[in-house]
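# What the coordinates show
One-letter residues, chain by chain:
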Amino acid sequence: MIEDLQKYYGYLFEEALLKEITDVAIAKEFKSNEVIIDIGSYITSIPLLLSGAIKILREDKEGDDLVLYYIEKGDTCAMTLSCCMGQTKSKIKAVAETDVKLLMIPKQKMSEWLSKYKSWQEFILHSYHSRLQEFIDAIDTIAFLNMDERLLKYLKDKALVNQNETISVTHQQIANDLHTSRVVISRLLKALEKQDKIELNRNQVKVLEL
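Keep in mind it's a predicted model, so treat the numbers as computed, not measured.

Turning our eyes to something else, we now look at unusual backbone geometry. The phi dihedral of Gln163 falls on the positive side, at around 55°, and the residue is not glycine. Turning to its location among the elements, Gln163 is positioned in the loop between helix H6 (147-162) and strand E8 (166-168). In this structure Gln163 comes out as exposed when scored by relative accessible area, which is 61%. Not every positive phi belongs to a glycine, and Asn203 is a case in point at roughly 55°. Checked against the element boundaries, Asn203 lands in the loop between strand E9 (198-201) and strand E10 (204-207).

See below:
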């Protein structure tokens with residue numbers, strides 16, 4: 001994993017910081033669909049993603065999820081940074097979209113490195129900016145797009161983070177992620193297929209327009 005750290009973060013961080021990360025970070029792996037961070041849990045470490053993709057979700061009072069955005073290799077999650085800084089419980093759920101490898105950095109290092117390394121400070125600020133933009137995009141998607149447009153955007157985003165135009169997913173899983181019913185999703189998927197935007201197979205969707 002040291003090679004992955006150099007590959008995806010070496011251009012961002014100076015050698016001294018990379019060495020410190022190597023000394024204190026704990027390597028972890030998660031299988032697809034495993035929960036990495038749950039709502040209500042205290043966050044004690046900051047993740048640096050080395051491979052795979054993670055989806056970030058919010059949960060309503062009934063326990064239903066809504067996908068907000070994805071993070072990929074070379075990223076961290078601004079929500080975990082906020083929880084570490086404020087020592088508050090997590091308000092999001094992080095689930096492995098694909099098999100994931102990441103490094104967990106003790107939260108006390110976050111503030112220490114902010115004053116010690118300019119590259120770390122820039123990385124954290126950039127992460128906040130990127131996640132804020134994705135939050136805005138998520139709100140715009142919910143507020144301004146019709147459900148068929150939301151569905152197509154969801155499928156395209158999912159194909160991109162999986163690096164595969166063919167997505168293995170059930171209609172129910174899509175409905176859960178988009179906070180709607182399976183019947184609605186099935187109807188809209190068939191409509192998108194008739195428009196030659198996707199191709200449907202058993203528990204798979206092929207996105208024809210990326």
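Here the narrative resumes, following the displayed structure.
So, on to the pattern of salt bridges. All chains considered together, the criterion is met by 13 salt bridges. Residue Asp157 pairs with Lys153 through a salt bridge whose shortest N-O separation is 2.9 Å. Residue Asp157 and its partner Lys153 are both found in helix H6; the two are separated by four residues, about one turn of the helix. Here Lys153 falls in the partly exposed class, since its relative accessible area comes to 33%. Through salt bridges that share partners, Glu20, Lys109, Glu112 and Lys116 make up one connected network.

Within the largest apolar cluster, 36 residues are counted, with the highest numbers of intra-cluster contacts made by Tyr9, Ile21, Ile54 and Trp120. Per element, the largest residue contribution to this core is five residues, and it comes from strand E7 (residues 100-106). Once you skip the residues sitting within four places of it in the chain, Ile54 turns out to touch Ile36, Leu49, Tyr69, Tyr70, Ile71, Ala94, Val95, Glu97, Val100 and Leu102. Among the nonpolar cores identified, the runner-up in size contains 24 residues, and Ala53, Tyr154, Leu192 and Leu200 belong to it.

Next up on the list: helix H8 (residues 182-194). End to end, H8 covers 18 Å across 13 residues, agreeing with the expected 18 Å (1.5 Å per residue, within 8%). Listed in full, the buried residues belonging to H8 are Ile185, Ser186, Leu188, Leu189 and Leu192. Residues of H8 that are buried make contact with H6, helix H7 (171-178) and E9. Just downstream of H8 lies Asp196, where phi reads positive at about 60°.

For the pair helix H1 (residues 2-9) and helix H2 (residues 15-24), the least separation of the axes is 11 Å and the interaxial angle reads 145°. The crossing of H1 and H2 is right-handed. On H2, the residues that touch Ile2, Leu5, Gln6 and Tyr9 of H1 are Glu15, Leu18, Ile21 and Thr22. Across the contact of H1 with H2, the residue classes break down as five nonpolar, two polar and one charged.

On to the domain arrangement of the chain, then. Domain annotation for the chain reports domain 1 (1-144) and domain 2 (147-207). Once you take the C-alpha centre of each, domain 1 and domain 2 turn out to be 26 Å apart. Taken together, the contact pairs 15 residues of domain 1 with 13 residues of domain 2. Buried surface at the junction of domain 1 and domain 2, summed over both partners, amounts to about 1,200 Å²; 48% is from carbon and sulfur atoms. If you sort the residues of domain 1 by the area they bury against domain 2, Tyr70, Glu97 and Thr141 come out on top, with a joint share of 36%. Summed over the shared surface of domain 1 and domain 2, the number is two salt bridges. Joining domain 1 to domain 2, the criterion identifies four residue pairs in polar contact (both at pLDDT 80 or more).

Cut-off values and rules
- Residues numbered from 1 in each chain as written.
- Predicted model: local features only at pLDDT ≥ 70, side-chain atom pairs only at ≥ 80, totals over all residues.
- Heavy atoms only, no water.
- Helix = DSSP H or I, 4+ residues; strand = E, 2+ residues; numbered from the N terminus.
- Buried < 20%, exposed > 50% of the residue type's maximum accessible area, 1.4 Å probe, protein only.
- Salt bridge = Lys/Arg side-chain N within 4 Å of Asp/Glu carboxyl O.
- Core = buried A, V, L, I, M, F, W, Y, C linked by side-chain atoms within 4.5 Å.
- Contact = heavy atoms within 4.5 Å.
- Expected span 1.5 Å × (residues − 1).
- Axes fitted to C-alpha atoms, helices over the stretch in contact; angles between N-to-C directions.
- Left-handed = near helix turned anticlockwise from the far one by under 90°.
- Nonpolar A, V, L, I, M, F, W, Y, C, P; charged D, E, K, R; others polar.
- Domains from an automatic or database assignment.
- Buried area = accessible area lost by both parts, 1.4 Å probe.
- Polar contact = N/O pair within 3.5 Å; in protein donor to acceptor, adjacent residues only side chain to side chain.

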